[in-house]
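Listed below are the residues making up each chain.
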Amino acid sequence: MRRRREARSLESGIPVNGPQVVSVVLSSYRCPLVLRCIAVVDPFDYEQKYGEDKPYEEMGESGRMWKTYLSESAKVDADKVMSWTDALDVLLVFAGLFSAVVSTFVAQTFQTLQIDNGEVTAYLVFELVHLQRAAMDGLTSDAVPHSHLTPNMTFHATSTATWVNGLWFTSLALSLTTALIAVLTKQWIHEYRTSIQLGTYRERGRIRQFRFTNMSEWHVPVIIGLLPILMHVALGVFFAGLILLLLSL
C-alpha cells in the first residue's frame with residue numbers, strides 16, 4: 001500500500017516534501033524495475049533550506065534572515081570578485097611588459113638631454129690633429145678653427161629630444177601608476193573577500209555589510225574601471241613620442 005501511494009503521488013505530479021526516497025515498481029516487459037527518485041530541494045527556497053525562526057527571534061543572532069543574506073551575498077561577491085581579479089591580472093601583466101619596453105626606449109633617448117662626452121672628445125681630438133699638422137707646416141694655431149664643443153660649454157637639448165623624452169617619461173609614469181593602483185586594489189579585494197568564520201550569523205552579516213559599504217565609499221569599482229583607460233592613455237602618449245621621433249630622423 002505504501003509503494004502504491006508513493007507511485008500515485010509521483011504520477012500525479014505532487015512533490016515529495018524533504019529528501020525522501022520514492023520507489024516505483026514497473027512491471028513492463030514482465031520484469032520489475034525499481035526507480036529511486038530523490039526530491040531536489042530548491043536552492044532559492046530559503047523557507048525550505050533554513051528552519052523557521054522562533055516567534056520574536058526573526059532578527060536574532062541566528063535568524064533565517066541573516067543566513068539568507070550571507071548565502072546570497074557570498075554568491076554575488078564570488079562573481080564580482082572573480083571578474084575584478086581577472087581584469088586586474090591581465091592589466092598587471094600588460095603594465096609590466098609595457099613599462100619594460102618604455103624603459104628601454106627612455107634609457108636610449110635620455111642621453112640626448114645631456115652633453116655627449118664622446119662627441120666632445122672626438123671634436124677635440126680632431127682639433128688636436130689639425131694643430132699638429134699646422135705646426136708641421138709652419139702655421140700658427142690661429143689658422144686652425146676652434147671646436148664649438150667643450151666640456152664646460154652650456155648644453156641645450158633640441159626641442160624634439162625634449163618632447164620625445166617628456167612624452168615617454170609621462171607614459172612610463174602612467175604605466176607604473178596603473179600597476180601600483182592595481183596592486184593596491186587587489187589587496188583591497190583580498191581583504192574584502194576574506195571569509196568570516198567567527199561570530200554569529202548577525203555579526204558576520206554586519207561585518208560583510210561594513211566591508212561592502214567601505215568598498216562603495218572608496219569607489220573601488222570605479223577605480224577598477226578607470227585603470228584600463230589610464231593604461232590606454234599611457235599607450236597613446238608613447239605612440240605620440242614614437243611618431244615624433246621617427247619624423248625627426
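These numbers come from a predicted model, not from an experiment. (Residues numbered from 1 in each chain as written. Predicted model: local features only at pLDDT ≥ 70, side-chain atom pairs only at ≥ 80, totals over all residues. Heavy atoms only, no water.)

Any chance you could break down the layout of surface pockets for me, citing the residues and the numbers?
Computed from the structure, the largest pocket encloses a volume of approximately 290 Å³. What lines the largest pocket is a set of 13 residues, among which Leu 70, Ser 73, Ala 74, Ser 195 and Ile 196 lie closest to the centre. For the lining of the largest pocket, the secondary structure elements donating two or more residues are α3 (64-109), α5 (159-193) and α6 (201-217). (1 Å grid on protein atoms, 1.4 Å probe; cavity = no way out; pocket = protein on both sides within 12 Å on 5 of 7 lines; lining within 4 Å. Points joined across faces, edges and corners; volume = space filled by probe spheres on them. Helix = DSSP H or I, 4+ residues; strand = E, 2+ residues; numbered from the N terminus.)

Pulling in residues and values, what's your account of a nonpolar patch on the surface?
There is a patch of nonpolar side chains on the surface, built from Val 222, Leu 226, Ile 229 and Val 233 and spanning about 340 Å² of accessible area. Residue classification places Val 233 among the partly exposed positions, given a relative accessible area of 41%. (Patch = residues over 30% accessible without salt bridge, like charges linked within 9 Å, V, L, I, M, F, W, Y side chains within 5 Å. Areas by Shrake-Rupley, 256 points an atom, 1.4 Å probe, with all protein chains shown as cover. Salt bridge = Lys/Arg side-chain N within 4 Å of Asp/Glu carboxyl O. Buried < 20%, exposed > 50% of the residue type's maximum accessible area, 1.4 Å probe, protein only.)

Before we move on, can you summarise the nonpolar core with the specific residues and values?
Core analysis: the biggest nonpolar cluster contains 22 residues, and Leu 88, Phe 98, Val 102, Ile 189, Ile 224 and Met 231 have the highest contact counts within it. Counting only elements with at least two residues in this core, the list comes to α3, α5 and α7 (220-247). Among the elements that line this core, the one with the most residues is α3, at eight residues. When sequence neighbours within four positions are dropped, the list of residues in contact with Ile 189 reads Val 81, Trp 84, Thr 85, Leu 88 and Ile 224. (Core = buried A, V, L, I, M, F, W, Y, C linked by side-chain atoms within 4.5 Å. Contact = heavy atoms within 4.5 Å.)

Describe the side chain of Thr 178, listing the residues and the values that go with them.
On the secondary structure map, Thr 178 appears in helix α5. Dropping the residues within four chain positions of it, Thr 178 is found in contact with Leu 91, Leu 227, Leu 230 and Met 231.

Help me get a handle on the packing of α5 against α6, residues and values and all.
Contact geometry of α5 with α6 gives a least axis separation of 10 Å together with a crossing angle of 160 degrees. It follows that α5 is roughly antiparallel to α6 by the angle criterion. α5 and α6 meet at a crossing whose hand is left-handed. Across the interface between the two elements, Trp 188, Glu 191 and Tyr 192 of α5 pack against Arg 208, Arg 211, Phe 212 and Met 215 of α6. For the contact of α5 with α6, the per-class residue count stands at four nonpolar, no polar and three charged. (Axes fitted to C-alpha atoms, helices over the stretch in contact; angles between N-to-C directions. Parallel < 35°, antiparallel > 145°, perpendicular 65-115°, else oblique. Left-handed = near helix turned anticlockwise from the far one by under 90°. Nonpolar A, V, L, I, M, F, W, Y, C, P; charged D, E, K, R; others polar.)

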